[in-house]
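Residue-level structure breakdown
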Amino acid sequence: MPTDVHQHIWPREFIALLRARTAPPRLDGWTLHLPGEPPYAVDPTDHDVAARAELARADGLGLALVSLSSPLGIEYLPPEEAAPLLAAFHDGALELPTPFGVWASACLSAPEPDPEALRRELARGCAGLQLPATALLDAAGWARCAPLLDAAAASDKPLLVHPGAAPAAPEGAPAWWPAMVPYLQQMHASWFAFRAFGRDRHPRLRVCFAALAGLAPLHGERLVARGGGRDRGRVDRDAFYETSSYGTRAVDALVRAVGIDVIVSGSDRPYADPVIPDLGAEAAVHALRTTNPARLLGPTRGARP
């Protein structure tokens, strides 16, 4: 079943709640306002369910997993503000037609995470847990999220690490600045924090880093030079890397660093178009789109009960 592990669609009720807000994140018509980014003109067709389903079928997908847009910052809103938005997203996304599945999200602003709420969403059919990279930048972040990660692992469900909200861009920064600087810095830091603090605590957890983890695995030689290379040469077969916004050169470089078995196809649609890298063999494309996502997602492969 060809799979795209990283897409976004906003369900109707979720859109209505964003429009009802008076502070970011909010929608003014179809203009999105976020604290750290310039106003963004949303294309309504990007969230037209019928059109997106047809697009997924045209891409040859048997499964397209949608997730909450973590750069919106909803996970960190006060619980009374986050709860209705998370419920609207989960309810609407779980009602999407074939070929869509959904990642679950969690409120991170409460004094303690709520693993029982996550277990309910996973039992309803969510493929796994998505967390913003900003929640996993250091030992304290991995420790605080441990109850959620334990719940995911106990349910044999993976974790998707996605860029989180961006800080305010420098004055005069171009529109692409958040996607190229803070988003990738977050992914880079969360990957190294996973190596340093996360994996030992969660040895059975399957983890997927969006955007090739900001290309962090390519720094292996420097890691060795700085004394952190005790595991050099050992590939973590349960740590996966999703390809959104990258093409042949970056994917090929990461394959050389971690092997092809842990690279999975993702597009970040509608914010980027799918790219199928030219790795010189049809078997490589099959691995990225079918074999590797199946191993990431486990036996249920994102299917709903």
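Residues numbered from 1 in each chain as written. Predicted model: local features only at pLDDT ≥ 70, side-chain atom pairs only at ≥ 80, totals over all residues. Heavy atoms only, no water.

1. Some points on the environment of L212
Examined against the element boundaries, L212 turns out to sit in the loop between β9 (207-209) and α9 (220-225). In this structure, the C-alpha to C-alpha distance between L212 and V66, residues 146 residues apart in sequence, is 18 Å. When near neighbours in sequence (up to four residues on either side) are disregarded, L212 contacts P217, Y241, E242, T243, Y246, A250, V251 and L254. (Helix = DSSP H or I, 4+ residues; strand = E, 2+ residues; numbered from the N terminus. Contact = heavy atoms within 4.5 Å.)

2. A look at the sheet that holds strand β4 (residues 37-41)
Sheet architecture is open: 3 strands sit in the order β2-β3-β4, paired in antiparallel fashion. Each edge of the sheet is formed by a strand with only one pairing partner; in this case those strands are β2 (26-28) and β4. Neighbour-to-neighbour, the strand axes of the sheet open up by a mean angle of 25°, direction not taken into account. (Pairing = 2+ DSSP bridges. Axes fitted to C-alpha atoms, helices over the stretch in contact; angles between N-to-C directions.)

3. Description of the packing of aromatic side chains
The full count for this structure, using the stated rule, is 8 aromatic pairs. Three or more aromatic residues joined by ring pairs make a cluster, and in this case those are W142, F194, F209 and Y241. The cationic tip of R19 hangs over the ring face of W30; the distance from NZ or CZ to the ring centre is 4.5 Å. (Phe/Tyr/Trp six-rings, centres within 6.5 Å; stacked < 30°, edge-to-face > 60°. Lys NZ or Arg CZ within 6 Å of the ring centre and 35° of its normal.)

4. Looking at the pairing of strand β5 (residues 63-66)
Where a strand is regular, its side chains alternate between the two sheet faces. Burial along β5 is two-sided: the residues L63 and L65 and A64 and V66 are all buried. Relative to β5, strand β1 (residues 3-7) runs parallel, the two being bridged by 3 bridges. Within the sheet, the bridge partner assigned to Q7 lies in β5 and is V66. Across 3 bridges, β5 lies against strand β6 (residues 100-102) in parallel orientation. Note on β6: the bridge partner recorded for A64 is F100. (Buried < 20%, exposed > 50% of the residue type's maximum accessible area, 1.4 Å probe, protein only.)

5. Thoughts on the nonpolar core
Counting residues in hydrophobic clusters, the biggest one holds 82 residues, and the most contacted among them are W10, F14, L129, L131, L159, F209 and Y241. Looking at this core element by element, the count peaks at 7 residues for helix α3 (residues 79-94). Excluding its chain neighbours within four sequence positions, the residues that come into contact with W10 are I15, L18, L27, L32, V42, H47, S69, L72 and Y271. (Core = buried A, V, L, I, M, F, W, Y, C linked by side-chain atoms within 4.5 Å.)

6. Notes on the pattern of salt bridges
Scanning the entire structure with this criterion turns up 12 salt bridges. The salt bridge partner of E116 is R119, with a shortest N-O separation of 3.2 Å. Of this pair, E116 and R119 both sit in helix α4 (residues 115-124), 3 residues apart, which is roughly one turn of the helix. For D156, the salt bridge is made with R206, and the minimal N-O distance between the two is 2.7 Å. A residue pair is termed long-range when its members are at least 10 positions apart, and D156 in the loop between α6 (146-154) and β8 (159-162) and R206 in the loop between α8 (182-201) and β9 qualify at 50 residues. The partly exposed category is assigned to D156, whose relative accessible area is 36%. (Salt bridge = Lys/Arg side-chain N within 4 Å of Asp/Glu carboxyl O.)

7. Here's the deal with helix α1 (residues 12-20)
Turning to α1, its buried residues number three or more, namely F14, I15 and L18. The arc enclosing the buried residues of α1, seen along the axis, measures out at 100°, which places them on a common side. Exposed and oriented more than 90 degrees from the buried face of α1 are R12 and A20. Where the residues of α1 are buried, they touch β2 and α3. (Arc of directions from axis to C-beta.)

8. Considering the sheet that holds β1
Taken in spatial order, the 3 strands make up an open sheet running β1-β5-β6, and their pairing is parallel. Edge strands, defined here as strands with exactly one partner in the open sheet, are β1 and β6. The mean inter-strand angle of the sheet, taken between neighbouring strand axes irrespective of direction, is 25°.

9. Description of the environment of H8
With respect to the helices and strands, H8 occurs in the loop between β1 and α1. For H8, a relative accessible area of 1% corresponds to the buried category. Expressed as a C-alpha distance, the spacing of H8 and A64, which sit 56 residues apart in the sequence, is 9.3 Å. When neighbours within four sequence positions are excluded, H8 is seen to be in contact with D46, H47, R52, V66, S67, L68, S69, H162, D268, R269, P270 and Y271.

10. Considerations on the side chain of R289
Among the secondary structure elements, R289 is positioned in helix α11 (residues 282-297). With no salt bridge to any partner, buried R289 finds its closest opposite charge in D59, at an N-O distance of 6.4 Å. (Lys, Arg positive; Asp, Glu negative; His and termini not counted.)

11. With respect to unusual backbone geometry
Between P24 and the following residue, P25, the backbone shows a cis peptide bond with an omega angle of 0°. Tracing the sequence through the fold places P25 in the loop between α1 and β2. With an omega dihedral of 15°, the bond running from T98 to P99 counts as a cis peptide bond. Here P99 is to be found in the loop between α3 and β6. Despite not being glycine, S245 has its phi angle at roughly 75°, a positive value. Mapped onto the elements, S245 comes out in the loop between β10 (239-242) and α10 (248-258). You can call S245 exposed: its relative accessible area is 55%. The residue D268 is not glycine, and still its phi comes out positive at about 65°. Tracing the chain through its elements places D268 in the loop between β11 (263-264) and α11.

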